[in-house]
Amino acid sequence: ETGVTQSPTHLIKTRGQQVTLRCSSQSGHNTVSWYQQALGQGPQFIFQYYREEENGRGNFPPRFSGLQFPNYSSELNVNALELDDSALYLCASSPGAGNQPQHFGDGTRLSIL
Amino acid sequence: AQKVTQAQTEISVVEKEDVTLDCVYETRDTTYYLFWYKQPPSGELVFLIRRNSFDEQNEISGRYSWNFQKSTSSFNFTITASQVVDSAVYFCALSEATGYALNFGKGTSLLVTP
């Protein structure tokens, strides 16, 4: 069983640029959630995708957007990057929306200069 | 609004000691779910347990045990006979019955030394 995989592992960008992070869900999982984890903090929910539709969103501005594809993989896009966007971005998949345990990938470390 | 508090920022123990990680939560919902995750230095969050608000039975899994008490809104996690491999950051999280988001605490960093 293949787990959740994320790419790239690390990324360095400058303010104002745009970035796309990718996530492949665990086999059999149709729901993907994205979280932002600042250094020393717990993960913060960005949004969730279920069957290619956004299923819920946390307190993040519209410049954070996403997609889910028919194979349930997902992308997180962030426009107009700001210094505070520097964080570990975690993708999690689960077998359905709701309160099934979410299984996380290793994350993408994004640094904004 | 939901809130999860992990008051212990860092804990350091010597191998084979028992250690308890505290988690206190706030929610207005009568139905909710509580989770514990482990985050080793590699960064991946590893799922440990999920409990729903109607199941107050304590759970034991090997050296791990969990004590859920609705009366005190707590869901504490105990590691018995700790090992160096237990060193990690541990997160408690809460979600609503009809929700989808995990609301995490700030985590407790556990260091187990030989």
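Residues numbered from 1 in each chain as written. Chains lettered and ligands numbered in written order. Predicted model: local features only at pLDDT ≥ 70, side-chain atom pairs only at ≥ 80, totals over all residues. Heavy atoms only, no water.

S.K.: What's the story with the packing of aromatic side chains in this structure? I'm lost.
M.R.: For any two aromatic rings, the description comes down to two numbers: the centre-to-centre distance and the angle of the planes. Residues and elements named next belong to chain B. Here the structure, examined in full by the defined rule, presents 20 aromatic pairs over all chains. With a centroid separation of 5.8 Å and 65° between ring planes, the pair formed by tyrosine 37 and phenylalanine 47 is classed as edge-to-face. In this pair, tyrosine 37 is assigned in strand β5 (residues 32-39) and phenylalanine 47 in strand β6 (residues 46-52), connecting sequence segments 10 residues apart. Residue tyrosine 37 is classed as buried on the basis of its relative accessible area of 0%. With 5.0 Å between their ring centres and 5° between their planes, tryptophan 66 and phenylalanine 77 make a pair best called stacked. Separated by 11 residues along the polypeptide, tryptophan 66 in strand β8 (residues 64-69) and phenylalanine 77 in strand β9 (residues 74-79) bring together distant segments of the chain. Each member of the pair, tryptophan 66 together with phenylalanine 77, is buried. (Phe/Tyr/Trp six-rings, centres within 6.5 Å; stacked < 30°, edge-to-face > 60°. Helix = DSSP H or I, 4+ residues; strand = E, 2+ residues; numbered from the N terminus. Buried < 20%, exposed > 50% of the residue type's maximum accessible area, 1.4 Å probe, protein only.)

S.K.: Explanation requested: the pattern of salt bridges in the structure shown.
M.R.: Pairing is possible between side chains of opposite charge, provided their charged atoms come close. All names here are of chain B. Under the criterion given, the structure shown has seven salt bridges over all chains. Residue aspartate 55 is joined to arginine 51 by a salt bridge in which the shortest nitrogen-to-oxygen separation is 3.0 Å. For aspartate 55, a relative accessible area of 26% gives the class partly exposed. A relative accessible area of 5% places arginine 51 in the buried class. The shortest N-O distance in the salt bridge between glutamate 59 and arginine 51 comes to 2.3 Å. Taking relative accessible area as the criterion, glutamate 59 reaches 32% and is therefore assigned partly exposed. (Salt bridge = Lys/Arg side-chain N within 4 Å of Asp/Glu carboxyl O.)

S.K.: Is there a simple way to explain the interface of chain B and chain A in this structure?
M.R.: By convention, interface size is frequently given as the accessible area that disappears when the constituent parts associate. On the side of chain A, 21 residues touch chain B, which itself brings 22 residues to the contact. Around 1,700 Å² of area is buried between chain B and chain A when both sides are counted, 52% of it from carbon and sulfur atoms. Contact with chain A buries area across many residues of chain B, yet Leu45, Tyr100 and Phe104 of chain B alone supply 34% of it, more than any other trio. At the boundary of chain B with chain A, the tally comes to zero salt bridges. Counting across the interface, chain B meets chain A through three residue pairs in polar contact (both at pLDDT 80 or more). At the level of elements, β5, β6 and β10 (88-96) of chain B are the ones that each hand at least two residues to the side of chain B that touches chain A. Among the elements that line the side of chain B that touches chain A, the one with the most residues is β5 of chain B, at four residues. (Contact = heavy atoms within 4.5 Å. Buried area = accessible area lost by both parts, 1.4 Å probe. Polar contact = N/O pair within 3.5 Å; in protein donor to acceptor, adjacent residues only side chain to side chain.)

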